[in-house]
Amino acid sequence: MLTTTQSQWLALLRAPHLGAVSINNLLSRFGAIAAIFSAPAAQLQSAGLKGATIDAIRHPDESQIAADSAWLEQPGHALLTRDAADYPALLAEIQDPPAALFLKGNAELLKLPQLAIVGSRNPTSGGMRNATEFAKHLAACGLGICSGMATGIDTASHLGALRAGGFTTAVVATGLDRVYPASNRELAHDIAMQGLLISEFPPGSPPKAMHFPRRNRIIAGLSVGVLVVEAALKSGSLITARLASEQGREVFAIPGSIHNALAKGCHG
């Protein structure tokens, strides 16, 4: 039997067929996570849970929970759950806030205002310079720079903030024991030392296509606004911008040449 709130959270986050909305609904229905784990199978079934999910709650994989707990015991690692007093207020406002966030770095940075900077994975050299310089200036003014640690504009934005001596947060689409893309391994280390790495996904989670839109809603949700540096008309960056707009946040874009396909998203 799971005896700690943390272990119960880890079991719930590992249960199949449960996402942020489902977990938040369960918390609203049962009032506390301990009540979910003490509920009879019939009550869990009446809450809409499938058999595999109920089995994972009533008979959790304790070896997996032990492994996740060992990861959390490392310096700078933490699990921030939806019911915690220090859960980011802006993120809590979105339609489907993450049930929990895995953190690596300085969790206190979540209390400070952040601006998201996003853009193409294959930007022009001018786009890279713009992202770096805007991030440097804004970080020097006291804003945190939030991005997704992808290649291109994301990378330039994180580096600009670090070079200014400011702080940056990276929301990633894998478990925090992995770095994707692998080329950003050194950057991930620097962010963990001087900023904060964030993931909705438990350790060991690989990059999956479905993870990236979920990551993007967190980037938008954590930030007071989103700055799009370079983006095609159909791109993940514009998904982030749309989400930010739907969440009532400011959306900014850097214009470019009418002949540059990567400026079309910004102009749009």
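That block above? That's the structure.
All figures in this text were calculated on a predicted structure; none of them were measured in a lab.

## Description of the sheet that holds strand β8 (residues 250-253)
Alright, step 1. Read from one edge of the open sheet, 8 strands run β1-β2-β6-β5-β4-β3-β7-β8, paired in mixed fashion. The sheet terminates laterally at β1 (77-81) and β8, the two strands that pair on one side only. Mean inter-strand twist for the sheet, computed between neighbouring axes without regard to direction, equals 25 degrees.
Alright, step 2. In this sheet, strand β5 (residues 168-172) lies alongside strand β4 (residues 144-147) in parallel orientation, the contact comprising 3 bridges. Residue pairing across strands places Ser147 opposite Ala170, the latter belonging to β5.
Alright, step 3. Docked against the sheet, helix α6 (residues 62-72) engages β1 and β2 (100-105), running at close to 110 degrees with respect to β1.

## Observations concerning the pattern of salt bridges
Alright, step 1. Taken as a whole and assessed by the stated rule, the structure comprises 8 salt bridges.
Alright, step 2. A salt bridge links Arg249 to Glu93; the shortest N-O distance between them is 3.5 Å. In this pair, Arg249 is assigned in the loop between α12 (236-246) and β8 and Glu93 in the loop between α7 (89-92) and β2, connecting sequence segments 156 residues apart.
Alright, step 3. A relative accessible area of 10% places Arg249 in the buried class.
Alright, step 4. Judged by relative accessible area, which is 56%, Glu93 ranks as exposed.
Alright, step 5. Here Arg214 ties to Glu200 by a salt bridge, and the two come within 3.5 Å at their closest N and O atoms. On the criterion of sequence distance, the pair formed by Arg214 in helix α11 (residues 211-222) and Glu200 in the loop between β6 (196-199) and α11 is long-range, its members being 14 residues apart.
Alright, step 6. Judged by its relative accessible area of 30%, Arg214 is partly exposed.
Alright, step 7. Residues joined by salt bridges that share partners form a network here, namely Asp96, Glu200, Arg214 and Arg217.

## Things to note about the packing of aromatic side chains
Alright, step 1. If you walk through the whole model with that rule in mind, you get 2 aromatic pairs.
Alright, step 2. Geometry around Tyr87 places Arg82 over its ring, the cationic atom sitting 5.2 Å from the centre.

## A word on the packing of helix α9 (residues 153-163) against helix α10 (residues 185-194)
Alright, step 1. Running from N to C, α9 and α10 point in directions that differ by 40 degrees, and their axes come no closer than 11 Å. Classified by the angle between their axes, α9 and α10 sit oblique to one another. The crossing of α9 and α10 is left-handed. Residues Thr155, His158, Leu159 and Leu162 of α9 form the contact with α10, whose participating residues are Leu187, Asp190, Ile191 and Gln194.
Alright, step 2. The residue inventory of the contact of α9 with α10, partitioned by class, reads 4 nonpolar, 3 polar and 1 charged.

## Notes on the environment of Gly204
Alright, step 1. By the secondary structure assignment, Gly204 is in the loop between β6 and α11.
Alright, step 2. On the accessibility criterion, Gly204 (29% relative accessible area) is partly exposed.
Alright, step 3. Sequence separation between Gly204 and Gln45 is 159 residues; the distance between their C-alpha atoms is 29 Å.
Alright, step 4. Here Gly204 is in contact with Gly175, Asp177 and Arg178, once residues within four sequence places are set aside.

## Considering the packing of α11 against α12
Alright, step 1. Between α11 and α12, the least distance of the axes is 9 Å, while the angle of their chain directions is 45 degrees. Classified by the interaxial angle, the pair formed by α11 and α12 is oblique. For the element pair α11 and α12, the recorded crossing hand is right-handed. Seen from α11, the contacting residues are Pro213, Asn216, Arg217, Ile219 and Ala220; seen from α12, they are Gly236, Ile239, Thr240, Leu243 and Ala244.

## Details of the nonpolar core
Alright, step 1. Formed by 39 residues in total, the largest nonpolar core has its most connected members in Trp9, Leu12, Ile36 and Met149.
Alright, step 2. Those elements that place two or more of their residues in this core are α1 (5-14), α2 (20-30), α3 (33-38), α5 (51-58), α6, β2, β5 and α10.
Alright, step 3. Among the elements that line this core, the one with the most residues is α1, at 5 residues.
Alright, step 4. Residues contacting Ile36, with those up to four places away along its chain left out, are Leu12, Leu26, Leu27, Phe30, Leu44 and Ile57.
Alright, step 5. Counting 26 residues, the second largest nonpolar core, distinct from the first, contains Leu91, Leu103, Cys146 and Ala220.

The rules behind each value
Along each chain, residues carry numbers from 1 onward, in the same order as the chain's sequence is written. Local features in this predicted model are restricted to residues of pLDDT 70 or higher, and side-chain atom pairs are both shown and tallied only at a pLDDT of 80 or more, whereas totals for entire chains, interfaces and linings draw on every residue. Heavy atoms throughout the structure, all of them, feed into the side-chain values; hydrogens and water do not. Here, any two strands with at least 2 DSSP bridges between them count as paired. Under the DSSP-based scheme used, a helix requires at least four consecutive residues in state H or I and a strand at least two consecutive residues in state E, with every element numbered from the N terminus. Note on definitions: angles span 0 to 180 degrees between N-to-C directions of axes, and those axes are lines fitted to C-alpha atoms, for helices only across the stretch in contact. Only heavy atoms enter the contact rule, under which two residues are in contact if any of them lie within 4.5 Å. The term salt bridge refers to a pairing of a side-chain nitrogen on Lys or Arg with a carboxyl oxygen on Asp or Glu at a separation within 4 Å. Type-normalised accessible area, obtained with a 1.4 Å probe on protein chains alone, sets the label of each residue: buried when under 20%, exposed when over 50%, and partly exposed for intermediate values. Between 30 and 60 degrees the pair is tilted, below 30 it is stacked and above 60 it is edge-to-face, where a pair is any two Phe, Tyr or Trp rings, Trp via its six-membered ring, whose centres lie within 6.5 Å. A ring has a charge above it when a Lys NZ or an Arg CZ is no more than 6 Å from the ring centre and no more than 35 degrees off the ring normal. Geometric relationships in this document are graded by angle, where less than 35 degrees denotes roughly parallel, more than 145 denotes roughly antiparallel, 65 to 115 denotes roughly perpendicular, and other angles denote oblique. Take the far helix as the reference: if the near one is turned anticlockwise from it by less than a right angle, the crossing is left-handed, and if turned clockwise, right-handed. Amino acid classes used here: Ala, Val, Leu, Ile, Met, Phe, Trp, Tyr, Cys and Pro are nonpolar; Asp, Glu, Lys and Arg are charged; the rest, including Gly, are polar. Each nonpolar core is a collection of buried residues, namely Ala, Val, Leu, Ile, Met, Phe, Trp, Tyr and Cys, held together in the definition by side-chain atoms within 4.5 Å.

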